[in-house]
Number of protein chains: 4
Amino acid sequence: MPKVDLNSDLGESFGRYTLGMDDRILPVISSANVACGFHASDPVVMAKTVALAKQSGVAVGAHPGYPDLMGFGRRNMVVSAEEAKDYILYQLGALDAFLRAQGMRMQHVKPHGAFYNMAGKDYALAKAICEGIKAYDPSLIVLALSGGELLHAAEDLGLRAVPEVFADRAYEEDGSLVNRSKPGAMITDEDEAIARVVRMVTEGKVQTITGKDIPITAGSIGVHGDGEKAVLFPTRIREALTGRGVDIVPLSEL
Amino acid sequence: MPKVDLNSDLGESFGRYTLGMDDRILPVISSANVACGFHASDPVVMAKTVALAKQSGVAVGAHPGYPDLMGFGRRNMVVSAEEAKDYILYQLGALDAFLRAQGMRMQHVKPHGAFYNMAGKDYALAKAICEGIKAYDPSLIVLALSGGELLHAAEDLGLRAVPEVFADRAYEEDGSLVNRSKPGAMITDEDEAIARVVRMVTEGKVQTITGKDIPITAGSIGVHGDGEKAVLFPTRIREALTGRGVDIVPLSEL
Amino acid sequence: MPKVDLNSDLGESFGRYTLGMDDRILPVISSANVACGFHASDPVVMAKTVALAKQSGVAVGAHPGYPDLMGFGRRNMVVSAEEAKDYILYQLGALDAFLRAQGMRMQHVKPHGAFYNMAGKDYALAKAICEGIKAYDPSLIVLALSGGELLHAAEDLGLRAVPEVFADRAYEEDGSLVNRSKPGAMITDEDEAIARVVRMVTEGKVQTITGKDIPITAGSIGVHGDGEKAVLFPTRIREALTGRGVDIVPLSEL
Amino acid sequence: MPKVDLNSDLGESFGRYTLGMDDRILPVISSANVACGFHASDPVVMAKTVALAKQSGVAVGAHPGYPDLMGFGRRNMVVSAEEAKDYILYQLGALDAFLRAQGMRMQHVKPHGAFYNMAGKDYALAKAICEGIKAYDPSLIVLALSGGELLHAAEDLGLRAVPEVFADRAYEEDGSLVNRSKPGAMITDEDEAIARVVRMVTEGKVQTITGKDIPITAGSIGVHGDGEKAVLFPTRIREALTGRGVDIVPLSEL
């Protein structure tokens with residue numbers, strides 16, 4: 001029976017500020033990427049988020065970002081390999097403290113925002129990130145863009161890496177995501193997006209923006225829980241997959 | 001043979017800013033309290049500090065502070081018990097990542113500055129701090145002001161606690177430190193200060209500001225490494241103690 | 001004809017985080033207290049908030065807070081007089097830049113949260129705050145708790161001060177607010193709260209928690225715009241006042 | 001008589017951390033670029049720095065940076081034009097508050113570190129910065145890399161711009177700085193560096209790395225005051241220039 005993971009970013013509130021509908025998206029997903037206090041979150045939010053994930057039986061991974069709270073970690077920053085590695089170590093350890101306090105184990109790591117995007121294209125940065133992960137715990141799974149440099153670096157370092165795909169994004173013939181600035185980059189029709197995800201998971205294929213079929217490995221599908229409507233879409237994806245006999249399981253059970 | 005630990009705060013640099021003479025004080029001490037990024041330090045500084053302590057064979061503990069970089073964690077802040085516990089967890093985990101990467105184990109926890117001072121007087125705060133420590137790792141040693149509330153809370157929670165004394169501070173009859181605003185609060189004569197420390201360690205007694213002898217337990221002596229002269233004083237303390245047959249050992253070997 | 005100001009806190013969003021319904025509360029109030037980046041807000045939010053206030057014809061004041069984004073400036077912090085004065089100067093200047101860019105003038109200053117509360121009780125802190133305000137622009141109006149130390153310090157320094165009252169809080173016989181922990185501290189009945197505000201403004205009197213009438217000066221009424229319901233209550237206050245012939249005017253027109 | 005300005009970065013301490021020898025470099029320079037709290041400094045440091053500059057009779061400008069205290073504003077960050085403009089406004093206003101409190105006027109603006117470097121190469125970013133400066137005060141002088149985009153954008157917007165040159169850097173034939181990674185990029189011989197500066201100021205020429213003479217306009221020379229030795233070099237530059245009859249004057253008197 002085919003299996004796939006559904007992952008979403010969680011615990012992105014900060015102090016007085018609330019973001020996301022964590023309690024709504026948790027029943028839909030199998031793995032949660034929990035913010036670690038650099039681009040979002042704070043210790044109290046992290047404690048609550050980890051406790052909430054435990055209640056829901058959802059596996060938890062770290063979602064480390066750039067030290068840019070004002071920009072929510074979405075702005076490209078040029079950091080050295082040493083900085084990247086140490087930012088990973090710091091954030092992994094910080095989140096892990098709350099997992100330990102709950103008797104849980106960290107399952108995976110998915111860098112956030114600009115850290116994820118830059119690591120997908122820059123092998124040196126990706127390698128530094130993976131060195132941090134490996135130094136912390138070599139059994140951690142790296143969740144990385146299908147076909148990107150982070151995936152390659154993780155595999156080169158002997159880490160287990162799971163490729164992530166997106167329901168609402170178009171693909172180039174080389175398997176990379178079509179740049180958002182290009183027409184057709186976003187799949188706006190929900191039914192089409194769902195059909196594409198189902199095909200990626202069950203057939204291992206996706207039609208590129210040029211109309212050609214290419215092979216693709218969908219280990220995990222990234223979904224969002226930012227609003228009322230956003231939760232409906234992941235729910236539909238989940239139902240479509242389970243309806244076709246696909247098992248939704250956490251990364252560690254793939 | 002009597003034993004005592006010598007501890008000092010380490011790794012308090014930040015980004016472009018250098019503070020302290022870590023390489024100079026390390027040969028003198030047996031335990032280092034390493035800043036965790038709230039009141040001082042950053043991930044790169046933490047990585048370097050832990051590596052330096054490893055080279056010197058000095059045991060490492062966490063030195064968590066209030067989230068007040070601008071005030072170096074020295075300003076009283078009123079945080080809730082939940083915040084205090086989660087700030088401890090976050091900072092312990094963050095530092096521990098660098099210890100894991102070096103194959104080391106965290107030995108102890110000593111809160112920093114206003115966090116230490118307020119916890120010495122406020123049992124509820126002290127208890128929240130100790131709950132964070134216990135949730136992280138119940139085998140950690142709590143380094144706390146001799147006779148203060150943090151020491152009591154640690155013992156109440158079943159944690160091992162070691163009382164800290166100071167060479168340059170006068171004591172009240174109840175064993176508390178004389179408030180710095182009072183005349184005679186600081187022992188300014190180095191020879192007198194050293195003689196007092198030796199007596200606390202070897203006889204378990206100290207003469208209070210009123211002239212009376214009281215019993216005191218000196219598990220660890222807190223020293224500073226802020227300047228050229230500051231390193232000389234801890235060196236003299238070390239020499240005076242070893243000259244009297246006192247063993248300088250890390251907290252875990254007391 | 002009696003006059004009163006209605007003030008509310010504005011521009012408390014930060015980066016990716018949205019807080020408050022600024023566009024909804026602006027039509028109700030006459031003066032806006034705009035956050036300055038310490039306890040909330042960032043430069044982009046400040047620019048937008050000032051532009052929005054200009055569109056609505058609402059007078060703008062600074063709402064400086066403690067440097068505690070994680071605690072939203074609501075936690076007591078012990079800062080020196082020098083720090084308090086310089087924090088005021090920094091934040092007043094920062095906000096004023098956006099007013100200058102819009103061709104507007106700053107009308108007033110109201111410290112935020114714990115800064116406001118501590119200054120209401122601590123004359124030395126209140127004086128330091130007022131020295132910062134005076135050094136920046138001695139024509140600024142200080143909006144301060146009716147009967148509190150900030151009001152006294154402002155008057156002592158020759159600054160114009162306007163006393164603020166609250167619709168939903170009970171008063172002691174000495175004119176201070178009943179501590180929130182006491183029963184009866186909050187006026188939960190909306191009709192009663194509105195009747196009390198109308199009486200404070202039109203008669204200059206309020207019935208204390210002990211049942212006695214005391215004189216009170218209501219220069220401005222502080223209201224909140226945090227939620228759908230919260231906007232309705234200030235709207236009712238405004239209608240009740242204007243229905244009794246009270247003019248709602250900005251602080252500078254009192 | 002030829003004139004030139006000598007400028008240096010000032011007030012880069014933060015909280016407990018001291019950086020630079022501001023009191024030593026002030027007698028040497030005519031214009032000071034004062035940090036504004038984003039990449040370095042805090043309100044207390046700013047107040048002290050402005051007071052110190054006033055005592056020394058040195059003109060003060062703003063030295064706004066990226067919001068990256070951990071990286072000291074030296075790391076490239078991709079911010080939007082709106083963010084760049086608003087970061088400038090915020091920091092100019094914040095610094096100006098301390099100048100107002102001292103009865104001084106802001107003379108100029110020089111972006112810091114990566115903000116300066118990126119603006120030298122990216123016209124859109126440079127324009128956004130200049131729009132912020134112009135919106136704040138169109139009489140401010142922009143201190144910008146000789147021949148760079150910030151200089152062009154300032155002139156296009158009708159702001160007065162002064163080109164900055166460096167004593168210790170080699171130049172390409174197009175007047176740009178030789179990339180630091182190339183051999184010969186730094187002029188390491190002090191005598192040669194001083195001779196080059198004197199020639200740039202008195203003859204308006206510099207020999208490029210290829211050996212060709214090109215025209216160059218030296219409105220201001222950037223010097224550093226980071227260490228004992230660093231202060232000696234600017235002093236030698238100053239003496240060499242005044243010895244050739246060059247007047248050292250602040251930017252506003254060029």
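Each remark here, short or long, concerns the structure printed above.
Reading the values: the criteria
- Residues numbered from 1 in each chain as written.
- Chains lettered and ligands numbered in written order.
- Predicted model: local features only at pLDDT ≥ 70, side-chain atom pairs only at ≥ 80, totals over all residues.
- Heavy atoms only, no water.
- Helix = DSSP H or I, 4+ residues; strand = E, 2+ residues; numbered from the N terminus.
- Rg over C-alpha atoms; globule rule 2.2 N^0.38 Å.
- Buried < 20%, exposed > 50% of the residue type's maximum accessible area, 1.4 Å probe, protein only.
- Contact = heavy atoms within 4.5 Å.
- Buried area = accessible area lost by both parts, 1.4 Å probe.
- Salt bridge = Lys/Arg side-chain N within 4 Å of Asp/Glu carboxyl O.
- Nonpolar A, V, L, I, M, F, W, Y, C, P; charged D, E, K, R; others polar.
- Least-squares fit on C-alpha atoms with pLDDT ≥ 70 in both.
- Phe/Tyr/Trp six-rings, centres within 6.5 Å; stacked < 30°, edge-to-face > 60°.
- Lys NZ or Arg CZ within 6 Å of the ring centre and 35° of its normal.
- 1 Å grid on protein atoms, 1.4 Å probe; cavity = no way out; pocket = protein on both sides within 12 Å on 5 of 7 lines; lining within 4 Å.
- Points joined across faces, edges and corners; volume = space filled by probe spheres on them.
- Pairing = 2+ DSSP bridges.
- Right-handed = clockwise from strand over helix to strand, strands pointing away.
- Axes fitted to C-alpha atoms, helices over the stretch in contact; angles between N-to-C directions.
- Parallel < 35°, antiparallel > 145°, perpendicular 65-115°, else oblique.
- Left-handed = near helix turned anticlockwise from the far one by under 90°.

Trainee: Would you mind going over the overall build of chain A with me for this structure?
Mentor: If you tally the helices and strands in chain A, you get eight helices and 10 strands. Relative to its length of 254 residues, chain A is compact, with a C-alpha radius of gyration of 17 Å against a globular reference of 18 Å. By its C-alpha atoms, chain A is 45 × 40 × 35 Å across when sized along the principal axes. When each of the 254 residues of chain A is scored for burial, the buried share is 59%.

Trainee: Quick question: what am I supposed to make of the interface of chain B and chain A here?
Mentor: When the parts of a complex come together, some accessible area is lost, and that lost area is often used as the size of the interface. Counting residues at the interface gives 24 residues for chain B, matched by 24 residues for chain A. With both chains or domains summed, chain B and chain A bury close to 1,900 Å², and 66% of this area falls on carbon and sulfur atoms. Area buried by chain B at its contact with chain A is led by P43, Y90 and R100 of chain B, which between them contribute 32% of it. Counting across the chain B and chain A interface gives two salt bridges. In this structure, D96 of chain A and R100 of chain B form a salt bridge, with 3.5 Å as the shortest nitrogen-oxygen distance. Looking at the side of chain B that touches chain A, the elements that each hand over two or more residues are helix 2 (43-56), helix 3 (81-101) and helix 5 (123-136) of chain B. A total of 13 residues in the side of chain B that touches chain A trace back to one element, the largest contributor, which is helix 3 of chain B. Counted by class, the side of chain B that touches chain A contains 15 nonpolar, two polar and seven charged residues.

Trainee: What should I look at first to understand the interface of chain B and chain D in this one?
Mentor: Facing the 16 residues of chain B at the interface are 16 residues of chain D. Across the chain B/chain D interface, buried area totals approximately 1,400 Å², and carbon plus sulfur atoms make up 68% of it. When the buried surface of chain B facing chain D is broken down by residue, R16, Y17 and M70 of chain B rank first, second and third, together holding 54% of it. On inspection of chain B and its partner chain D, the count reaches zero salt bridges.

Trainee: What should I look at first to understand the relation of the copies chain B and chain A in this one?
Mentor: There are two copies of the chain, and a rotation about an axis plus a shift along that axis relates them. Superposing chain B onto chain A takes a rotation of 180 degrees combined with a translation of 0.0 Å along the rotation axis, leaving an RMSD of 0.0 Å. Both chain copies can therefore be described as sitting about a two-fold axis. When you check the interface residues of chain B against chain A, 100% turn up at the interface there too, and the contact is symmetric in its surfaces.

Trainee: Help me understand the pattern of salt bridges, please; the structure alone is not making it clear to me.
Mentor: Oppositely charged side chains can pair when the atoms bearing their charge come close. Applying the stated criterion to the full structure yields 48 salt bridges over all chains. The closest approach of N and O atoms between R236 of chain A and D191 of chain A, which form a salt bridge, is 2.6 Å. One end of the pair, R236 of chain A, is in helix 8 (residues 228-243); the other, D191 of chain A, is in helix 7 (residues 190-203), with 45 residues separating them in the sequence. A cluster of three or more residues bridged by salt bridges with shared partners is formed by D68 and R75 of chain A together with E83 of chain D.

Trainee: Explain the relation of the copies chain B and chain D to me, please; I cannot follow it from the model alone.
Mentor: Of the transformation superimposing chain B on chain D, the axial component is 0.0 Å and the angular component is 180 degrees, with the fit at an RMSD of 0.0 Å. Comparing interface residues between copies, 100% of those in chain B also lie at the interface in chain D; the contact surface is shared.

Trainee: What is the right way to read unusual backbone geometry from this model?
Mentor: Among all residues except glycine, the phi angle is most often negative; among peptide bonds, the trans geometry is most common. All names here are of chain C. The phi dihedral of S41 falls on the positive side, at around 80 degrees, and the residue is not glycine. If you trace the backbone, S41 turns up in the loop between strand 2 (31-35) and helix 2 (43-56). Using a relative accessible area of 1% as the deciding quantity, one classes S41 as buried. Even without being glycine, F72 reaches a positive phi, approximately 55 degrees. Looking at where F72 falls in the secondary structure, it is placed in the loop between strand 3 (59-63) and helix 3 (81-101).

Trainee: Looking at this structure, how should I read the packing of aromatic side chains?
Mentor: One pair of aromatic rings is described through two measures. These are the centre distance and the angle between the planes. One pass over the structure, following the stated rule, counts 24 aromatic pairs over all chains. Ring pairs connect the aromatic residues F14, Y17 and F72 of chain A together with F14, Y17 and F72 of chain C, which therefore count as one cluster. The aromatic ring of Y116 of chain A is capped on one face by K110 of chain A, whose charged end is 5.3 Å from the ring centroid. Lying across the ring of Y136 of chain A, R100 of chain B places its NZ or CZ 4.0 Å from the centre.

Trainee: Quick question: what am I supposed to make of empty space enclosed by the protein here?
Mentor: Under the defined criterion, the tally for this structure stands at one cavity of 30 Å³ or more. Approximately 1,400 Å³ is the volume attributed to the largest cavity. Lining the largest cavity are 45 residues, with L69 of chain A, L69 of chain B, F14 and L69 of chain C together with L69 of chain D positioned closest to its centre. In terms of residue class, the lining of the largest cavity is built from 28 nonpolar, eight polar and nine charged.

Trainee: What exactly am I supposed to notice about the pairing of strand 3 of chain C here?
Mentor: Each regular strand displays side chains that alternate between the two surfaces of the sheet. All names here are of chain C. Extensive coverage of strand 3 is indicated by the burial of five of its five residues. The pairing of strand 2 with strand 3 spans five bridges and is parallel. Within strand 3, the position partnered with A32 by the bridge is V60. For the crossover from strand 2 across helix 2 to strand 3, the handedness is right-handed. Pairing geometry for strand 3 and strand 4 (residues 108-109), over two bridges, is parallel. Looking across to strand 4, one finds that G61 is bridged to H108.

Trainee: What's the story with the environment of E253 of chain A in this structure? I'm lost.
Mentor: Looking at where E253 of chain A falls in the secondary structure, it is placed in the segment after strand 10 (247-248). Counting along the chain gives 249 residues from E253 of chain A to V4 of chain A, while the straight-line C-alpha distance between them is 9.1 Å.

Trainee: Can you walk me through the environment of V246 of chain A in this structure?
Mentor: All names here are of chain A. Structurally, V246 can be placed in the loop between helix 8 and strand 10. Taking the C-alpha atoms as reference points, V246 and D5, separated by 241 residues in sequence, lie 10.0 Å from one another. Ignoring any residue separated from it by four or fewer positions in sequence, one finds V246 in contact with P2, K3, V4, V201, T202 and L241.

Trainee: What's the story with the pairing of strand 5 (residues 141-145) of chain B in this structure? I'm lost.
Mentor: Residues and elements named next belong to chain B. Where burial is concerned, most of strand 5 is hidden: five out of the five residues are buried. Here strand 4 (residues 108-109) runs beside strand 5; their pairing, made up of two bridges, is parallel. Within the sheet, the bridge partner assigned to V109 lies in strand 5 and is V142. Relative to strand 6 (residues 160-165), strand 5 runs parallel, the two being bridged by five bridges. Looking at strand 6, one finds that L145 is bridged to E164.

Trainee: Would you mind showing me how to read the side chain of S8 of chain D here?
Mentor: Residues and elements named next belong to chain D. Relative to the assigned elements, S8 resides in strand 1 (residues 3-10). A residue is classified by how much of its surface remains accessible, and S8, at 1% relative accessible area, is buried. Filtering out sequence-adjacent residues up to four positions away, S8 remains in contact with I25, I29, S31, A32, N33, V223, H224 and G225.

Trainee: Explain the packing of helix 5 (residues 123-136) of chain C against helix 6 (residues 149-156) of chain C to me, please; I cannot follow it from the model alone.
Mentor: Any two packed helices are characterised by how steeply their axes cross, that is the angle between the axes, and by the distance between the axes. Residue and element names in this part refer to chain C. It is at 8 Å that the axes of helix 5 and helix 6 come closest, and there the two elements cross at 50 degrees. Put simply, helix 5 runs oblique to helix 6. Here the hand of the crossing between helix 5 and helix 6 comes out right-handed. Listed contacts from helix 6 to Y123, A126, K127, I129 and C130 of helix 5 are E149, L150, H152, A153, A154 and D156. Of the residues that constitute the contact of helix 5 with helix 6, the class distribution is seven nonpolar, one polar and three charged.

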